[in-house]
Structures are given as C-alpha cells and as structure tokens.
Amino acid sequence: MIAIAIACAWLVGGSLFSSQFIAHKLNQRLQASQQQLDSEVGYLVRVFEQNLHQAEQLSKTLSFDRSLIEFAHASRQRNGYLGAIERSERVQHLMEAPGVAEVNDLFRRMVLHIDAYQVFMLDYWGYCVGSGRSGESDDCIGARYHNREYFQLAASQGSGRQFAVGRLHAVPSFFFSTALHDNEEFVGVIVVRLLTSDAIDFIHPSASVALVGDENGIVIGSSDPTLLFHHVGPALAPVPRIGEYRRLYKQPDMRIMAIEMTAIERGSVSIWTWQGRRHLIGQNSVARNDYHVFLLQDVEEVFETAHGHWGFSITVLLAGILLIVLVERSLNFSQSRKAHLRALSLANENLSQVSNELYELTVTDALTGISSRRYFGQRLEQEVARELRRPQDMPRSSENFMGLSLLLLDIDKFKIVNDTYGHPAGDEAIRSMATICADLVRPSDVVARMGGEEFGILLCDVTPEQTKLIAERILKTCETTEIKFEHHRFSQTCSIGISRLQKGQSADGLLSSVDKALYAAKDQGRNRYVYS
C-alpha cells in the first residue's frame, strides 16, 4: 500500500512537473530565438538605411548645383507646349536644348560615382529633360512622370522617395527625389534611381527567410525569389487596392503570403503560422517607417522537440512507478535523472546567453554604444575595396577628389584622468569622446572605439578640406566640452592622425599610415591633428 501511495504521488507530481518544465524550456528556446532574430533584423535595417542614405544624399547634393538649377529654369520656359507634340519630337526638342550635353555628362559621371542605376532631371511639368543614360535604349528623356509619387512629393514637400517598377525599364527600383528651386520658385526635380537588387544586397539565403517590404506590405526583396511582390498578409500590413498594386508593381494578380499570428507564448513571444508551419518573426523598420525588414524562422522543430520531451517524460513516469513498486533503488535513479536534466538545462541556458552576448560584442562597443573595433575593421576593408575599383574622373592628389579618409583619435594624457578622478570618471570621459565623434560626422560614416581611449572614424566620399574641417571641429568641441562625473568637473583634449587612401594601398597600409600621423600629432605637442 505504501508503494502504491508513493507511486500515485509520483505519477501526479511527475506529470505536473513535466508539464511546467517542458513549457518553461519551450518558452526559453523561443525567447532566445526571438532575441537572436530581433538582433539580426536590427543589423540588417542599419545596413539598409546606409544604402538608401547614399543615394538620397546624392539627390540632395545635386539640388544645390547652380548650373542644374539654371538648366531646369530654362527648361520650364521652353517646355510648356511639350504635351501637344509626339514623344519623338519632344526628344529632338529636348536634346537640342543649350547645356543638355553637359547635364547628361554630369549625371553619367554621378551614376558611376555611387553605383546607382540612373540619375535624371524632371522639369516643372514632369518631363525628363536630362539623363545619365542618354542615348541608351532605356533612356527616359521626353517621358513624363508628373503623376509619380516621388515627383509629387518633391514638388510639394521638397524631397521624397518611392519604390516602384520602372515605366521604361521594368526593373524594381528605389527613386530618390529632391526639388530644384530658383529664388524659392520650384523649377524641377533631381531623381536618383537605385536598383532594388543593389539596395538590398545585404540579404543572403539562410535558415531564416528574409523579406523587405514597402509601406504597402508588398515584398520587394527576399532571400527566396519566389516571394517577390507577394503581400505579407493582413496580420502584418493592410492589403492595398488591386488597381494600385498593378500600377506600382506591374503584376497582374496579387498573391498573399497569409502569415497569421496563432498564439502568444509565456514571455510575450508571438507564434505565427505560414505554409502550415509555425514561425517566429523578427521585424524592424527604417527611420521613416516606409520600408520594413522581416526575418521568418521556422520553429516547428522546437515544438516537435517539446512533444518528444513529453514522450520521454511519460516513459520516465511509468518506469518510475514500476521501479517504486519493485525496488527502493528506483527513487535514487529517478533523482539522479532529474539532476542530470537540470544540469543540462542550465548548461544550455548559459550557452545561449554567452552566444547572444558574443554576437552583440562583434558589432557594438559595450562602454560607448558605438561600433566595435572588429566591425570597424570589416567596414574599412569593404570601403577600401569599393574605392579602389571605382572609376576616377580626377587625380587623387586633387583637392576636389572625393575619396576615403581615415581618422585615428587618442585622448591626451588619459592616465592623468584615471589617476586623478578614478577609473569611473575615465569611462565617462571615453563616453563623452564617443558622443562628440558620433555627433560631428554623417550617419553614413563609421565611428568606432579601437580600444582604451583610442577611436577610429571612417569618412567616405570626402575631400581633404572636408576631412580637415571635421578634425578641427572635433578638436574644438573636445577642448570646450566640460565632463561632469559626480562632484568632479574637468575637460580634456585629443590628438588626431589623418590619412587618405592612396592608389594601390591596402586597409592595413592605410591603418599604418594613420597610426604614424597620430604619433606625430602626439609628438608635436598634442591637441592637434597631423595630415599625412
């Protein structure tokens, strides 16, 4: 009777424990996978925004070119009657316009400069009057784009961007537009076209399905090409009207992925179904919230593993009942088995935590929040390779050459700060230096902590004069910024080494050059920069 009572207690207690344990482990695995997805999608969004920013910045930069403004102003005066003639006559008329050859040549050089597909100008009426692809089969000169969203946004708000399938060259693209104004009078629009395949080159086939969706919820880029131009489903985005869908995406019928949320596990992990299988979704948006990145990870195997644990638990319970009735030693075996499972669970949990922490350390510096040395090294290799293979329209020695600059900064006499105010105050000084550097460069530039009190800044597409100006601003801001920590108040200076990428130079060679420049700045008295 005692054995039966113990067996019954074992069965009831074991069932409750197994239920809670398996549910807890399932939720832990789902949470760890969700955190990994969220981290990965955050990184992809940052890369995506950098790709968009480069093309958008070119459009804005060209809008200040006085020669382009004057050309657009003249086009407005000459082109008011173009709607009444055939396109072939319009093209002939536009190609005979004074200055059109120079405009087309400038746009053609800009296309090569940033690897964009096309740069073109629309006049006041929306006609294409200048193009970097002039004379080619997909040239847009003479076509009218007044009803395109990017033209209307630029005309009404000053700038805009839009994803669409091209009218003359039916390839998915991003269009970045900036208005041209002559004495506050709207005279035309500069447009930079970037192929979608170039903008989302960060997506690669992997265990997770990666999607890039626009503001309509339409997939415009994916690691699975068969999902292009599908809608992600009403649960993730409203479904657009079929007429608007056909106009923008040049597709006859809209297919819907039908991603649906089925449950929320403990810990607020949402479970989604797609293609009859359960998934986790990591999602994030660019700053303007008009483009979204999704990562779908199949977790059916995780649930199957949990179900397998149930089978295992039932087997253990039945074996325990028989062993309790037969011999007292079964209890010791059961306890040993539980201890082994708990130890294995703890080891898996610690391994997952360490894995997540290592992933963050590869991208971000823990003290300052800026990029890590490892990430900086990867970006430096990429940018050096990109510039060295880019066609050059002027000598690197020219003061107007838009090249790659590397800055290496070091806080002066940092040991005195630590010795005088303590290491926590030294950490605050390092964070202050990181904030100054990040605030004084462009979003597309890379700022990283190289180690200790040393920082690196990678400036792309800048002239020597622009590089020096940034260095001067950093020196002045550093010197005039008061650092406050507890009851201490102090200021600091820094020394900067600057080096420009030379023809045939490697990333290691550039680092060696800038390191020598930093040493020279220190040797010459600190609180200055040395340009080499």
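What this report covers is the structure whose coordinates are included nearby. Being a predicted model, the structure only gives us computed values, none of them experimental.

Definitions and limits used
- Residues numbered from 1 in each chain as written.
- Predicted model: local features only at pLDDT ≥ 70, side-chain atom pairs only at ≥ 80, totals over all residues.
- Heavy atoms only, no water.
- Helix = DSSP H or I, 4+ residues; strand = E, 2+ residues; numbered from the N terminus.
- Rg over C-alpha atoms; globule rule 2.2 N^0.38 Å.
- Buried < 20%, exposed > 50% of the residue type's maximum accessible area, 1.4 Å probe, protein only.
- Contact = heavy atoms within 4.5 Å.
- Areas by Shrake-Rupley, 256 points an atom, 1.4 Å probe, with all protein chains shown as cover.
- Lys, Arg positive; Asp, Glu negative; His and termini not counted.
- Charge placed at Lys NZ, Arg CZ, Asp CG, Glu CD.
- Disulfide = S-S within 2.5 Å.
- Patch = residues over 30% accessible without salt bridge, like charges linked within 9 Å, V, L, I, M, F, W, Y side chains within 5 Å.
- Salt bridge = Lys/Arg side-chain N within 4 Å of Asp/Glu carboxyl O.

**Remarks on the overall build of the protein**
- A tally of regular secondary structure across the protein gives 14 helices and 18 strands.
- In terms of overall size, the protein is more extended than a compact globule, its C-alpha atoms giving a radius of gyration of 31 Å where 532 residues would be expected to give roughly 24 Å.
- The C-alpha extent of the protein, read off along each of the three principal axes, is 105 × 70 × 45 Å.
- Each of the 532 residues in the protein was classed as buried or not, and the buried ones make up 47%.
- Partitioning the contacts of the protein with sequence separation of at least 6, the portion at a separation of at least 24 is 61%.
- Accessible surface for the protein amounts to roughly 26500 Å². Of this, 54% is attributable to carbon and sulfur atoms.
- Distance between charge centres in the protein, computed from 53 positive and 62 negative side chains, equals 2 Å.

**Digging into the state of the cysteines**
- Summed over all chains, the structure comprises one disulfide.
- Disulfide pairing places Cys-128 opposite Cys-140 at an S-S distance of 2.4 Å. Of this pair, Cys-128 sits in strand β2 (residues 128-131) while Cys-140 is found in the loop between β2 and α5 (149-157), placing the two residues 12 residues apart along the sequence. Pair check on accessibility: Cys-128 and Cys-140 agree, each one buried.
- The structure places no disulfide on Cys-460, whose sulfur is separated from the nearest cysteine sulfur, that of Cys-437, by 16 Å.

**Re the side chain of Asn-418**
- Here Asn-418 shows up in helix α11 (residues 414-421).
- On the accessibility criterion, Asn-418 (14% relative accessible area) is buried.

**Focus on a nonpolar patch on the surface**
- Taken together, Leu-11, Val-12 and Leu-16 make up a surface patch of nonpolar side chains, about 280 Å² in accessible area.
- Looking at the secondary structure, you find Leu-11 in helix α1 (residues 2-62).

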